[in-house]
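# Overview (structure and organization)
Single-letter residue listing:
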Amino acid sequence: MIDLQLFKNVMAEARNNKTLLDSYSPNQFKAKEKIVDSVAQFVDSNSEVVILGGWYGSILIPFFKHVKRITLIDLDKDAISISKNRLFSHYNNIDYITSDVFDQQRHGRIMNADLVINPSCEHMPSMSTLEALKTSNAYFAFTSNNMYDIQGHINCVSSIDEFKEQLPSNATILVEDEIEDTRGIRYLLVGKIG
């Protein structure tokens, strides 16, 4: 079912915000839809979902609106503010944190999550270095890509095997996939930590 309020909010914001439109691009939608399809069986109404580097949360948040709590963590204070105050102000199960996901103060949320999603691993250090994941018992869905020439991409990978090397040592892979993008290939890894 279409969330009419969200649609109105997106249309109002998109008039002055072209990056918001990019967050809803066919490439973004295709990748996020693949994440959701791969993890749907792991979440229910009692689940806590943490989205690392989630930008506006444009596509992922609506897919998880039925869970107990969503925590969106991103460095971009403007994106977080827009998501909280303009896009999803009518949702009451989202916590917004403007922070580096590697900030130890955020580790409790990550360690206690049922599902940790990182749709932007190419923008940050390897997930194997995120201490909170080393003691987590969560499912995960991580994506990266081979789009080295995009600004802000500091940790791209050239193959799914290279991406696997960036997982925490206690991760078990349940799903791996490659997603065609007009600019390259996105790599998806879904699994369980612990």
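As a reminder, the structure under discussion sits directly above these lines.
Residues numbered from 1 in each chain as written. Predicted model: local features only at pLDDT ≥ 70, side-chain atom pairs only at ≥ 80, totals over all residues. Heavy atoms only, no water.

## Considering helix α5 (residues 77–87)
Side chains that are three or four residues apart share a direction in an α-helix, a result of its 3.6 residues per turn. For α5, the full list of buried residues reads Ala79, Ile80, Ile82, Ser83 and Leu87. All buried residues of α5 lie within an arc of 165 degrees about the axis, which places them on one face of the element. In this structure, the buried residues of α5 make contact with α1 (4–14), α2 (18–23), α4 (60–63), β2 (69–74) and β3 (94–98). For α5, the side-chain oxygen to backbone nitrogen distance between the N-cap and Asp78 is 3.0 Å, and the N-cap itself is Asp76. (Buried < 20%, exposed > 50% of the residue type's maximum accessible area, 1.4 Å probe, protein only. Helix = DSSP H or I, 4+ residues; strand = E, 2+ residues; numbered from the N terminus. Arc of directions from axis to C-beta. Contact = heavy atoms within 4.5 Å. Polar contact = N/O pair within 3.5 Å; in protein donor to acceptor, adjacent residues only side chain to side chain.)

## Notes on the nonpolar core
One finds Val49, Ile61, Phe64, Leu87, Phe88 and Ile117 to be the most contacted residues of the largest nonpolar core, which totals 33 residues. Every residue in contact with Phe88, bar those within four places of it in the chain, is listed here: Leu6, Tyr56, Gly57, Ser58, Ile61, Pro62, Ser83, Ile94 and Tyr96. By size, the runner-up hydrophobic cluster in this structure holds 26 residues, among which are Ile73, Ile97, Val101 and Ala113. (Core = buried A, V, L, I, M, F, W, Y, C linked by side-chain atoms within 4.5 Å.)

## Brief notes about the pairing of strand β4 (residues 115–118)
The alternating pattern of β4 places Leu115 and Ile117 and Val116 and Asn118 on opposite faces, both of which are buried. Here strand β1 (residues 48–52) pairs with β4 via three bridges, running parallel. Of the residues in β4, the one forming a bridge with Val50 is Val116. Of the strand pairs in this sheet, β4 and strand β5 (residues 139–145) are connected by four bridges, and their pairing is parallel. For Leu115, the partnering residue across the bridge sits in β5 and is Tyr139. (Pairing = 2+ DSSP bridges.)

So yeah, pure geometry; function would need other evidence.
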